[in-house]
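Topology and contacts: notes
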Amino acid sequence: MTDQEVNSTYSFEVQGYVHVVEFSPFEQSSQLVAYGGNNRVSVGKCVFPEEDKELGDLEYEHLRDFHHGTRVDAIAWSPQTNVNTLPRVVRFSTAGSDRKIRIFSSDLKEKDSVQVLEGHTDYVNDVVFEPTNGEQLASVSDDHTCRVWDLDGTQKAVMPLKGPGVSVHWHPEDPAKLMVAEKTGIIRFYDIITCQPIMSLDCGHAPLTSADWCRTDPLTVGAVAGSDWFMWDVTRSSRPEDRRQVHPEGAKNFRWCRVSEKLFATCGRPGNQVKVFHKGHHQTPVCSSMTVQGGLSWHARLPVCAVGGDRVVHMWLAEL
């Protein structure tokens, strides 16, 4: 069955090419989105008609630009971010192409600060804040390590990997568990207290390029490797329970919808395609090809996924 091209539901224009885009996954800051390009990170506020019935279209407000000085490869929001109370706090981290991690903090007025975390010896592919209080940060790199940091830059742990680390995620409900995906095709779960692996999954395929832990069903894990997506029920087997070819020339990103375990999205080639899938349905509700494509993120409260393009951020509203 041939997928039908679907134009984005919403979009807003930006400066330059967007390498990465990230909605805040936290309730108190769910309207915020950050996106990064070659030397800056920008933060804005999105209000959708699905949230405000008086709106006919997406209402986007640009809030702040942050100088980055190098290409932005990953963005992670802190749960300490809150713009609904005073003083406002915006806090997020980035992975830069200079192998450094940066933690940005701002009150969106005069007070901005940046903390630089150094230690990785190769490209940093993913970063994530501990989701309950945001006092720690985890990162994975091509240097075959996963590292856990305090906000002052102190390394709390270094976990050696068997290959380059491509994705890292904290358990949605248990801050003592960390999921690390390696390019080799192995996904390991670590006890953050002992820094020891407690179980692993194997897609039997490489290179694995992206993996995600389902927020609404933490027993479910998804990933892309080669041209396929893979899915696990972690209570059943270390081998995937389902797989499907999705991008014949290579898949790049995998992200679960944050409001439903039935929806997930992938990106890959040919054509820099974005695809949204509904578990249990053969039809792909969203398939779109773009000139350029960077990042993939789902809104915290709506079935809306965003992808960066050339001077634009595209968003698709999917049906639950």
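Residues numbered from 1 in each chain as written. Predicted model: local features only at pLDDT ≥ 70, side-chain atom pairs only at ≥ 80, totals over all residues. Heavy atoms only, no water.

Re the sheet that holds strand S28 (residues 310-317)
Across the sheet, four strands lie side by side as S1-S28-S27-S26; this open sheet has antiparallel pairing. With partners counted over all chains shown, the strands left at the sheet margins are strand S1 (10-17) and strand S26 (294-298), one partner each. The average undirected angle you get between the axes of adjacent strands in this sheet is 20°. Pairing of strand S27 (residues 304-308) with S28, which is carried by five bridges, proceeds in the antiparallel orientation. Residue pairing for S28: valine 307 is matched across the bridge by histidine 314. (Pairing = 2+ DSSP bridges. Helix = DSSP H or I, 4+ residues; strand = E, 2+ residues; numbered from the N terminus. Axes fitted to C-alpha atoms, helices over the stretch in contact; angles between N-to-C directions.)

Describing the pairing of S26
Of all the five residues making up S26, five are buried; the element is thus mostly covered by neighbouring parts of the structure. The pairing of S26 with S27 spans three bridges and is antiparallel. Each bridged residue has a counterpart across the sheet, and for serine 297 the counterpart in S27 is alanine 306. (Buried < 20%, exposed > 50% of the residue type's maximum accessible area, 1.4 Å probe, protein only.)

Description of the sheet that holds strand S15 (residues 177-182)
Here we have four strands laid out as an open sheet, ordered S14-S15-S16-S17, and antiparallel in their pairing. Two strands in the sheet have a free side with no partner beyond their single neighbour: strand S14 (165-170) and strand S17 (196-202). Mean inter-strand twist for the sheet, computed between neighbouring axes without regard to direction, equals 20°. One ladder, built from five bridges, connects S14 with S15; its direction is antiparallel. Its bridge partner being in S15, tryptophan 170 is matched across the sheet by leucine 178.

Details of the packing of aromatic side chains
Counted under the stated rule, the structure contains 16 aromatic pairs. Centre to centre, the rings of phenylalanine 12 and tyrosine 35 are 5.8 Å apart; their planes meet at 55°, and the pair counts as tilted. With phenylalanine 12 in strand S1 and tyrosine 35 in strand S3 (residues 32-36), this residue pair connects regions lying 23 residues apart in the sequence. Side by side, phenylalanine 12 and tyrosine 35 carry an identical accessibility label, which is buried. On the basis of relative accessible area, phenylalanine 12 is assigned to the buried category, the value being 6%. Joined through ring pairs, the aromatic side chains of Trp229, Phe254, Trp256, Phe264 and Phe277 make up one cluster. (Phe/Tyr/Trp six-rings, centres within 6.5 Å; stacked < 30°, edge-to-face > 60°.)

Looking at the pattern of salt bridges
Inspection of every chain in the model, using the stated rule, returns 15 salt bridges. Two residues, aspartate 112 and arginine 64, come together in a salt bridge whose shortest N-O distance is 3.1 Å. Taken as a pair, aspartate 112 in strand S9 (residues 112-117) and arginine 64 in strand S5 (residues 59-67) lie far apart in primary sequence, 48 residues in all. Measuring nitrogen to oxygen at the nearest pair gives 2.7 Å for the salt bridge that ties arginine 71 to aspartate 73. You can call arginine 71 partly exposed: its relative accessible area is 30%. A relative accessible area of 25% places aspartate 73 in the partly exposed class. Through salt bridges that share partners, Glu27, Glu51 and Arg301 make up one connected network. (Salt bridge = Lys/Arg side-chain N within 4 Å of Asp/Glu carboxyl O.)

What to know about unusual backbone geometry
For the bond running from leucine 86 to proline 87, omega is -5°, close enough to zero to count as cis. Turning to its location among the elements, proline 87 is positioned in the loop between strand S6 (72-77) and strand S7 (90-96). A cis amide bond links alanine 206 with the next residue in sequence, proline 207, at an omega value of 5°. Within the element layout of this structure, proline 207 appears in the loop between S17 and strand S18 (208-213). With phi around 65°, histidine 144 is a residue other than glycine that occupies positive phi space. Note that histidine 144 resides in the loop between strand S11 (136-141) and strand S12 (145-150). Non-glycine residue cysteine 195 carries a positive phi angle of around 60°. Assessed through its relative accessible area of 23%, cysteine 195 is described here as partly exposed.

Treat this as a map of the structure, not an account of what it does.
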